[in-house]
Amino acid sequence: LFLSTTRTSETGLVQDEHFDLGFVGSTKRFNTALSRASCLVVVVGDSALLSRAPEWVTLIEQCRRNGSYIEHSAAGTAAGGGGFGG
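Residues numbered from 1 in each chain as written. Predicted model: local features only at pLDDT ≥ 70, side-chain atom pairs only at ≥ 80, totals over all residues. Heavy atoms only, no water.

**Q** Help me out: how do you make sense of the overall build of the chain in this one?
**A** Counting its regular elements, the chain contains four helices and four strands. Across the chain, helices and strands are ordered from the amino to the carboxyl terminus as β-α-α-β-α-α-β-β. Within the chain, the fraction of its 86 residues that count as buried is 31%. Looking at the chain alone, contacts between residues at least 24 apart form 60% of all its contacts between residues at least 6 apart. (Helix = DSSP H or I, 4+ residues; strand = E, 2+ residues; numbered from the N terminus. Buried < 20%, exposed > 50% of the residue type's maximum accessible area, 1.4 Å probe, protein only. Contact = heavy atoms within 4.5 Å.)

Okay, here's the thing in structure tokens:
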């Protein structure tokens, strides 16, 4: 399962929360998305932004511990975002 979280800035998080959109801060959407995979999940997203939600912090930390976290910076952006899969 490939999961793209697409949000790359904090500016949309307030609107997402108000309209109950997105993966950041929505435990139900987080659990539903990850439970659909039968053997592999690849997440593409901004780990700094996703880390605002406790469930993402846990997943990111687990991926870092087991060596499945890959950090990559897109051209023209600051380093710090990453991709990870478990």
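Right, picking up where we left off after that structure.
**Q** Just to check I follow, could you spell out the nonpolar core for this structure?
**A** The tendency in soluble globular proteins is for nonpolar side chains to be buried as a group. Judged by nonpolar contacts, L3, F30, A33, V41, V43, L50, A53, W56, L59, I60, C63 and Y69 together constitute the single largest core of 12 residues. Where this core is concerned, the elements lending two or more residues are α2 (27-35) and α4 (54-66). A total of four residues in this core trace back to one element, the largest contributor, which is α4. (Core = buried A, V, L, I, M, F, W, Y, C linked by side-chain atoms within 4.5 Å.)

**Q** Is there a simple way to think about the pairing of strand β2 (residues 42-45) in this case?
**A** Successive side chains on a regular strand alternate, one facing one side of the sheet and the next facing the other. By the alternation rule, side chains of β2 split into V43 and G45, which are all buried, and V42 and V44, of which none is buried. Note that strand β1 (residues 2-4) and β2 share three bridges and pair parallel. Each residue of the ladder has a partner; that of F2, found in β2, is V42. (Pairing = 2+ DSSP bridges.)

**Q** Where do I start with the packing of α2 against α4 in this structure?
**A** If you want to describe how two helices pack, look at the angle between their axes and the distance between the axes. Orientation of α2 relative to α4, taken along the N-to-C sense of each, is 35 degrees, at an axis distance of 9 Å. On α4, the residues that touch T27, F30 and L34 of α2 are E55, W56 and L59. When the residues that make up the contact of α2 with α4 are grouped by side-chain class, the tally is four nonpolar, one polar and one charged. (Axes fitted to C-alpha atoms, helices over the stretch in contact; angles between N-to-C directions. Nonpolar A, V, L, I, M, F, W, Y, C, P; charged D, E, K, R; others polar.)

**Q** How should the packing of aromatic side chains be read in this particular structure?
**A** Two numbers describe a pair of aromatic rings. These are the distance of the centres and the angle of the planes. Counting across every chain of the model gives one aromatic pair. Centroid distance F30 to W56: 4.8 Å. Interplanar angle 75 degrees. Geometry classified as edge-to-face. Note that F30 is positioned in helix α2 and W56 in helix α4, a separation of 26 residues in sequence. W56 carries the same exposure label as F30, and that label is buried. The aromatic ring of Y69 is capped on one face by R64, whose charged end is 4.4 Å from the ring centroid. (Phe/Tyr/Trp six-rings, centres within 6.5 Å; stacked < 30°, edge-to-face > 60°. Lys NZ or Arg CZ within 6 Å of the ring centre and 35° of its normal.)

**Q** It is not clear to me how the environment of E55 should be interpreted in this structure. Could you clarify?
**A** Here E55 shows up in helix α4. The buried category is assigned to E55, whose relative accessible area is 14%. Separated by 29 residues in sequence, E55 and S26 place their C-alpha atoms 9.1 Å apart.

That is the geometry; function is a separate question.
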